[in-house]
2 protein chains.
Amino acid sequence: MLEREAPMLGVLGGMGPLASAQFMLRLTLLTRAARDQDHIPALLWSDPRVPDRTASKTGGADPLPWLLRGIAGLRTAGCEAIAIPCNTAHGWYDGMSQAAGCPILHIVDATAAELARLGIAPGTPDQPRRIGVMGTAATLAMRLYQDRLNAQGYDCIVPSEAEMQSRVSPAIALVKANQVRDAYAPLAAVVESLAARGAEAVVLGCTEIPLGIQAGPYASLPVPLADTIDALARAAIRWAGRQPG
Amino acid sequence: MLEREAPMLGVLGGMGPLASAQFMLRLTLLTRAARDQDHIPALLWSDPRVPDRTASKTGGADPLPWLLRGIAGLRTAGCEAIAIPCNTAHGWYDGMSQAAGCPILHIVDATAAELARLGIAPGTPDQPRRIGVMGTAATLAMRLYQDRLNAQGYDCIVPSEAEMQSRVSPAIALVKANQVRDAYAPLAAVVESLAARGAEAVVLGCTEIPLGIQAGPYASLPVPLADTIDALARAAIRWAGRQPG
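Analysis parameters
Residues numbered from 1 in each chain as written. Chains lettered and ligands numbered in written order. Predicted model: local features only at pLDDT ≥ 70, side-chain atom pairs only at ≥ 80, totals over all residues. Heavy atoms only, no water. Contact = heavy atoms within 4.5 Å. Buried area = accessible area lost by both parts, 1.4 Å probe. Salt bridge = Lys/Arg side-chain N within 4 Å of Asp/Glu carboxyl O. Polar contact = N/O pair within 3.5 Å; in protein donor to acceptor, adjacent residues only side chain to side chain. Helix = DSSP H or I, 4+ residues; strand = E, 2+ residues; numbered from the N terminus. Pairing = 2+ DSSP bridges. Buried < 20%, exposed > 50% of the residue type's maximum accessible area, 1.4 Å probe, protein only. 1 Å grid on protein atoms, 1.4 Å probe; cavity = no way out; pocket = protein on both sides within 12 Å on 5 of 7 lines; lining within 4 Å. Points joined across faces, edges and corners; volume = space filled by probe spheres on them. Axes fitted to C-alpha atoms, helices over the stretch in contact; angles between N-to-C directions. Least-squares fit on C-alpha atoms with pLDDT ≥ 70 in both. Nonpolar A, V, L, I, M, F, W, Y, C, P; charged D, E, K, R; others polar. Right-handed = clockwise from strand over helix to strand, strands pointing away.

Draft legend 1. Spatial organisation of the interface of chain A and chain B. In this assembly, 45 residues from chain A lie in contact with 45 residues from chain B. Across the chain A/chain B interface, buried area totals approximately 3,700 Å², and carbon plus sulfur atoms make up 57% of it. Connecting chain A to chain B are four salt bridges. Between Arg 53 of chain B and Asp 36 of chain A there is a salt bridge whose closest N-O contact spans 2.9 Å. Our count for the chain A to chain B interface comes out at 18 residue pairs in polar contact (both at pLDDT 80 or more). Listing elements by their share of the side of chain A that touches chain B, those giving two or more residues are helix H1 (17-29), strand S2 (42-46) and helix H3 (64-76) of chain A. Strand direction decides the pairing type here: S2 of chain A and strand S2 (residues 42-46) of chain B, joined by five bridges, are antiparallel. Among the inter-strand pairings, Trp 45 of chain A is bridged to a residue of S2 of chain B, identified as Leu 43 of chain B.

Draft legend 2. Quick look at the pattern of salt bridges. The full count for this structure, using the stated rule, is 24 salt bridges over all chains. Across the pair Arg 49 of chain A and Asp 47 of chain A runs a salt bridge whose closest N-O atoms are separated by 2.8 Å. Here the two residues Arg 49 of chain A and Asp 47 of chain A agree in accessibility, since each one is buried. As a salt-bridge pair, Arg 148 of chain B and Asp 109 of chain B come within 3.0 Å of each other at their nearest N and O atoms. Remark: Asp 109 of chain B occurs in helix H5 (residues 107-117) and Arg 148 of chain B occurs in helix H7 (residues 144-150); sequence separation between them is 39 residues. We classify Arg 148 of chain B as partly exposed; its relative accessible area is 33%. By sharing partners, the salt bridges in this structure join Asp 36 of chain A together with Arg 53, Lys 176 and Glu 208 of chain B into a single network.

Draft legend 3. Summary view of empty space enclosed by the protein. For the coordinates displayed, the defined rule picks out four cavities of 30 Å³ or more. Taken as a whole, the largest cavity spans an internal volume of roughly 70 Å³. Together, Met 24, Leu 27, Thr 28, Thr 31, His 39, Ile 40 and Ala 42 of chain A together with Pro 17, Ser 20, Ala 21, Leu 44 and Ser 46 of chain B line the largest cavity. Mapped onto the lining of the largest cavity, the elements with two or more residues apiece are H1 of chain A together with helix H1 (17-29) and S2 of chain B. Considering only enclosed or pocket space, the second largest cavity measures out at about 50 Å³ in volume. Lining of the second largest cavity is provided by Pro 17 and Ser 46 of chain A together with Met 24, Leu 27, Thr 28, Thr 31, His 39, Ile 40 and Ala 42 of chain B. The greatest single-element share of the lining of the second largest cavity, amounting to three residues, is contributed by H1 of chain B.

Draft legend 4. The arrangement of the sheet that holds strand S6 (residues 154-157) of chain A in detail. All names here are of chain A. A sheet is described by the order of its strands in space; here four strands give the open sequence S6-S5-S7-S8, paired in parallel fashion. Two strands close off the open sheet at either side, each with one partner strand: S6 and strand S8 (225-227). The average undirected angle you get between the axes of adjacent strands in this sheet is 30°. Across three bridges, strand S7 (residues 202-204) lies against S8 in parallel orientation. Opposite Val 203, over in S8, you have Ala 226 as the bridge partner. Packed on one face of the sheet, helix H9 (residues 184-196) meets strand S5 (129-134), S6, S7 and S8 and runs near 160° to S5.

Draft legend 5. Structural detail: the relation of the copies chain A and chain B. Structural alignment of chain A on chain B gives an RMSD of 0.0 Å, achieved by rotating through 180° and translating 0.0 Å along the axis. Read as a symmetry element, the transformation amounts to a two-fold axis. Proximity to the rotation axis, assessed at the C-alpha, singles out Leu 44 of chain A in chain A; its C-alpha lies 2.5 Å from the axis. Most of the interface of chain A is mirrored in chain B, where 100% of its interface residues again form contacts.

Draft legend 6. Region of the structure containing the layout of surface pockets. Here the largest pocket defines a volume of roughly 1,600 Å³. What lines the largest pocket is a set of 45 residues, among which Gln 22, Leu 25 and Gln 214 of chain A together with Gln 22 and Leu 25 of chain B lie closest to the centre. A per-class count over the lining of the largest pocket returns 26 nonpolar, five polar and 14 charged.

Draft legend 7. Quick look at the pairing of strand S3 (residues 79-83) of chain A. Residue and element names in this part refer to chain A. For S3, the tally of buried residues reaches four of five residues, placing the bulk of the element in the interior. Summarising the sheet, strand S1 (residues 8-13) and S3 pair through four bridges and their orientation is parallel. Residue pairing for S3: Met 8 is matched across the bridge by Cys 79. Direction of pairing for S3 relative to strand S4 (residues 104-105): parallel, over a ladder of two bridges. Its bridge partner lying in S4, Ile 82 is registered against Ile 104. A crossover connection joins S3 to the parallel S4 through helix H4 (residues 93-100); in handedness this β-α-β unit is right-handed.

Okay, here's the thing in structure tokens:
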């Protein structure tokens, strides 16, 4: 039974809003619970006005002040840890972490745990395990996954520039515009391409990507997929000291 | 294009948490948007610790202090209107409304608009239009729908006591315990029973009910269903001055 004064999870969302709503849904469905009062108290700050994270890397407005505003709001409301269901926003992790004064669950660490759960344990420095990473252009350019996972015994490969421009980036934009079903085919094609290049699993390293992939027959894709929304939800359940359902 | 300082919607949720996550999903999917920044800024206070609303009517703890705590948190964060995706909580509407100092979108009014959208316009005092209302035992006992909709030209009929005890109440509990698929059959049976008694539409007047119904072949049910999650999401989109997608 949950204590009445269980700690509250803060969720810095809206990037995009569909992904953060899906995070709340998965946080609920993945928690073992027999009634409302067994679920994790959570506050979702869904602010889609945050300037585009990828565009900011090529001269667009800086999202950090907006991210810090959300973190301050979550902290004022009493949240004791923060999850951010947006991979690209983790490019500003250090600045957010310094301001937060509470743990921010890192989505790449959550994804490493998810890969292990899927049976894709890391390899060794001599024989790293090859995985594919899909994400926004900014996430890949900042090497959010490559640097953190390569150090743990993975060999991260990413889509080609042509695949990013013709398939991954347009598919992410389709999900943000609510055209979720149209995003499946281009995303599935890139999963298959990464698998053909030797990836034993593919990280869906932008929270719009699982939404698009799951709108089609994703179970027939050739390799396991690490859903970063689910990965972060499981990390939050662990933080709350709860059991997955 | 959305102004950077667009007003923020507060969502008092967690009752149950799956329903409020679904509200956020539907709020996003029903808004016409081409990119993240076109969506409605929203803050979801998902506090599943609020004492059970139905149990409070038979001697359980009073939920009002918990509801007011959430409203205060949403107001402190800057929310300018509040939506509550829990029908039963509207039994405390007056107390919440007095404390809020901002509009609280009433779910029954939102549902009346949804009935009109579905083509089930009200009748006349002499010839009211018969609709079925499903909800928690407390929602029906407080006559949240009956009093408000009967005054508008509807004749609300409700499930029998036996149907409530054997089907509706257990199905709501199943959804709150994440056993969503098992909730379909008992809920569908009650929709059919209300239709057989002359209901031209059925209001799914507990936000767990659409989740259960939509886990099965709901499109084959004999009458239109007014989904109170969607109804409230559309009311919020109207409040924000936005277009439905």
